[in-house]
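Report on the structure
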Amino acid sequence: MSSEHSWDAAELRTRFSLALSDMYKTEVPLYGKLVEIVQQVDNTVLRKEGRDLNDLPSRHHLERHGAIRLGTEHELQMIKRLFAIFGMYAVGYYDLRIVGFPLHATAFRPITEEALMRNPFRVFTSVLRKDQITASIRGTVEAIPEKRNLFSPRLMEIIEHAENGMMCDKNADDLIPEALKVFRWHSRSTVPLEDYLKLKQEHLMIADIICFPSAHINHLTPRSLDINLVQDEMIKAGLPAKERIEGPPSRQCPILLRQTSFKALEELVTFYNADGDFVNGTHTARFGEVEQRGAAVTRKGRKLYDQLLAHAVQNTAPTDPDYPQKFDHHLVDAFSNYPDIWERLRTQGLVYMRYRATETGKAYMAKRPADISLCPNIEDLLSRGFVNYEPITYEDLLPLSAAGIFRSNLGEDSHEKLSIQQAENGLLELEKALGCKPLDEFDLYDQLQEQSIRECTEDLRLEKI
Ligand code: OOG
Ligand code: NI
């Protein structure tokens, strides 16, 4: 075996996400088409601003999020161990009961500023809640995934070795193809057609999770600079686009996340029948999605977002034939109450900011007579031009948007009224399944903001800000 060494998680994460993207392009050619549209749109946007793709941070080109759905606690724990090698940790809790799905989720993603800058790859990972399933089919739902193993013996070996802190070149090379096996699509179901249909009748997601031998990735989402343009281009190119963009309306100061998707494809699947013969059927699970990311909002900012969104939901009749347009109209209306100037968003404590010492500030402080001791606050430093700021990017997902995306992929009308109530005991259950508490996204953004202030303190040679 070649020599052992510790490894660069970000480098492996990039190798993995690129390999996954190549695989998904061959599996779902429309994904490749969508990536091309995004690149063209981004080029157009940049050209208009007199910039080009090289002017964007390198993470933008790599940036993807994917999603998988798992059947058991064991699978979730194993996925956690696999993603840890790539420097991805469980962040946040998403309860999909808001759309009546027997699922809840977390997102595995990098958490430090450096790791996010290298490659912010994230995977929305949902897991089946057996307590939310009709008792009569619970036995089937429990028995089938017990028999499958998503993780090859070689992958297990690499994971265990890595957990002892070690990785040799051979393991690093084998890790990617072995990990891809977990996420690959299989067009042959592991269950009889009759069982598939029974599970699908309860919920398409249950059939999707239980009836296949892998945890197939169901979409891989590039980030775009202008999602409105992407939506137009998708429609022009004849892609089966979702009716409306999820998330906040278009704004001067983008916040959180806006997303659109094309609907899931109907794919041929081979099942077997009671006699053990093969029979043909179809399944819809995999789709394409695009996102545009904005600023991470604080707890207060999120509360306001949730309130305004709920307002728009309440004000739109679910049965209105023009629901998508009406809803968007109410959304724009409601969000006129969300400040749309960065300085206002900052001073009202709605958005997280990354502060940086300016060259002027550094030069002034370097020349400052030693006997003058300064203990300014961040506002003093901003007003003197010694510090500037930019919004911190939102790195997570949104439960109501996820719900809209999930639902449009069921072929259901995307405008059924959402119940915004959260399940009380869901988080505890997810923690039990995961074997740890998912990290709190707000704590992470708080830390990034504080760390940036500490850096300003050092760069300006101050004792304290
Ligand atoms: C996940 C849907 C949620 C998002 O971007 O909010 C999601 C799924 O369909 O499994 O990916
Ligand atoms: Ni998504």
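Residues numbered from 1 in each chain as written. Chains lettered and ligands numbered in written order. Predicted model: local features only at pLDDT ≥ 70, side-chain atom pairs only at ≥ 80, totals over all residues.

1. A few points about the overall build of the chain
Our working definition: By the criteria applied, helices consist of DSSP H or I runs no shorter than four residues and strands consist of E runs no shorter than two, each listed in order from the N terminus. Here the C-beta atoms are placed from the backbone, and a residue counts as buried if at least 20 other C-beta atoms lie within 10 Å of its own, exposed if 12 or fewer do, and partly exposed otherwise. Placing a C-beta atom from the backbone of each residue, one calls two residues in contact when those atoms lie within 7 Å.
Within the chain, the secondary structure is distributed over 19 helices and 14 strands. Along the three orthogonal principal directions, the C-alpha set of the chain runs to about 90 × 65 × 45 Å. When the 465 residues of the chain are sorted by exposure, 41% land in the buried category. Considering only residue pairs separated by 6 or more positions, the chain has 75% of its internal contacts joining residues 24 or more positions apart.

2. Focus: the domain arrangement of the chain
Selection criterion: Each domain's extent was defined by an automatic or database domain assignment. Residues are grouped as follows: Ala, Val, Leu, Ile, Met, Phe, Trp, Tyr, Cys and Pro are nonpolar; Asp, Glu, Lys and Arg are charged; every other residue, Gly included, is polar.
Taken domain by domain, the chain comprises domain 1 (4–296 + 395–434), domain 2 (297–351) and domain 3 (353–391 + 438–465). Counting from both sides, the interface comprises 5 residues of domain 2 and, opposite them, 4 residues of domain 3. Taken together, the residues of the side of domain 2 that touches domain 3 break down into 2 nonpolar, 1 polar and 2 charged.

3. Comments concerning helix H18 (residues 426–434)
Convention followed: Starting at the helix axis, one direction is taken to each C-beta atom, and the arc is that of these directions.
All of the buried residues in H18 are Gly 426, Leu 430 and Ala 433. Angular distribution of buried residues about the axis of H18 spans 60°; they occupy a single face of the element. Facing away from the buried side of H18, by more than 90 degrees, are the exposed residues Leu 428 and Lys 432. Buried positions along H18 lie against helix H4 (73–85), strand E3 (89–95), strand E4 (103–109) and strand E5 (122–128). Among the residues trailing H18, Gly 435 stands out with phi positive, at a value near 80°.

4. Some points on the packing of helix H7 (residues 153–163) against helix H8 (residues 169–183)
In plain terms, the rule: To get an axis, a line is fitted to the C-alpha atoms, and for a helix only the part in contact is used. The angle between two axes follows their N-to-C directions and goes from 0 to 180 degrees. Orientation labels follow simple angle bins: below 35 degrees gives roughly parallel, above 145 gives roughly antiparallel, 65 to 115 gives roughly perpendicular, and whatever is left gives oblique. Should the near helix be turned counterclockwise from the far one by less than a right angle, the crossing is left-handed, whereas a clockwise turn marks it as right-handed.
Contact pair H7 / H8: the axes reach a minimum separation of 9 Å and the direction vectors enclose 130°. The orientation of H7 relative to H8 falls into the category oblique. Read as a crossing pair, H7 and H8 show a hand that is left-handed. Side by side, H7 and H8 meet where Arg 154, Leu 155, Ile 158 and His 161 of the first sit next to Asn 171, Asp 174, Leu 175, Glu 178 and Ala 179 of the second. Classifying every residue of the contact of H7 with H8 by side-chain character gives 4 nonpolar, 2 polar and 3 charged.

5. Focus on the confidence of the model for the chain
The condition that has to hold: pLDDT is a per-residue confidence score from the predictor, ranging from 0 to 100.
Chain-level statistics for the chain give a pLDDT mean of 92 and a share of 95% at 70 or above. Interface scoring of the predicted complex returns ipTM 0.99; its pTM is 0.94.

6. Describing the site of ligand 1
Heads up, the rule is: Residues are counted as near a molecule or strand when the C-beta atom, derived from backbone positions, lies within 6 Å of that molecule or strand.
In the vicinity of ligand 1, the contacting residues are Ala 67, Arg 69, Phe 124, Ser 126, Asn 218, Gln 259, Glu 289, Leu 397, Ser 401, Ala 402, Ile 405 and Phe 406. The biggest single contributor to the shell around ligand 1 is helix H17 (residues 399–408), with 4 residues.

7. Notes on H4
Keep this limit in mind: Here the expected length of a helix is defined as 1.5 Å per residue gap, with one fewer gap than residues.
When the terminal C-alpha atoms of H4 are compared, their 19 Å separation across 13 residues agrees well with the 18 Å that a helix rising 1.5 Å per residue should span. Looking only at H4, the buried set comprises Glu 75, Leu 76, Met 78, Ile 79, Lys 80, Leu 82, Phe 83 and Ile 85. Gly 87 lies just past H4 and shows a positive phi near 70°.

8. A few points about the sheet that holds strand E2 (residues 64–70)
Worth spelling out the cut-off: DSSP-based pairing: two strands are paired if at least 2 bridges between them are found.
Ordered in space as E3-E4-E5-E2-E8, the 5 strands form an open sheet in which the pairing is mixed. Looking along the sheet, the strands with just one partner apiece sit at the ends: E3 and strand E8 (219–222). Between one strand axis and the next, the sheet turns through 20° on average, direction left out of account. Bridging between E4 and E5 involves 6 bridges; their strand directions are antiparallel. Residue pairing for E5: Phe 108 is matched across the bridge by Val 123.

9. Describing the sheet that holds strand E10 (residues 266–272)
Spatially, E7-E10-E11 is the arrangement adopted by the 3 strands of the open sheet, whose pairing is mixed. Where the open sheet ends on each side, the last strands, each with one partner, are strand E7 (188–192) and strand E11 (278–284). When the angles between neighbouring strand axes are averaged without regard to direction, this sheet yields 40°. Relative to E10, E7 runs parallel, the two being bridged by 2 bridges.

10. Regarding the environment of Asp 95
Topologically, Asp 95 is positioned in strand E3. Distance from Asp 95 to Ser 224, taken between C-alpha atoms, is 26 Å for residues 129 residues apart in sequence.

11. Focus on the nonpolar core
To keep it simple, the criterion reads: In this description, a nonpolar core means buried residues of the types Ala, Val, Leu, Ile, Met, Phe, Trp, Tyr and Cys, linked to one another by C-beta atoms lying within 7 Å.
In terms of nonpolar packing, the biggest core is built from 112 residues, with Val 123, Ile 206, Ala 295, Val 297, Val 351, Tyr 352 and Ala 402 touching the most fellow members. If sequence neighbours within four positions are ignored, Tyr 352 has contacts with Ala 295, Ala 296, Thr 298, Ile 392, Tyr 445, Leu 448 and Gln 449.

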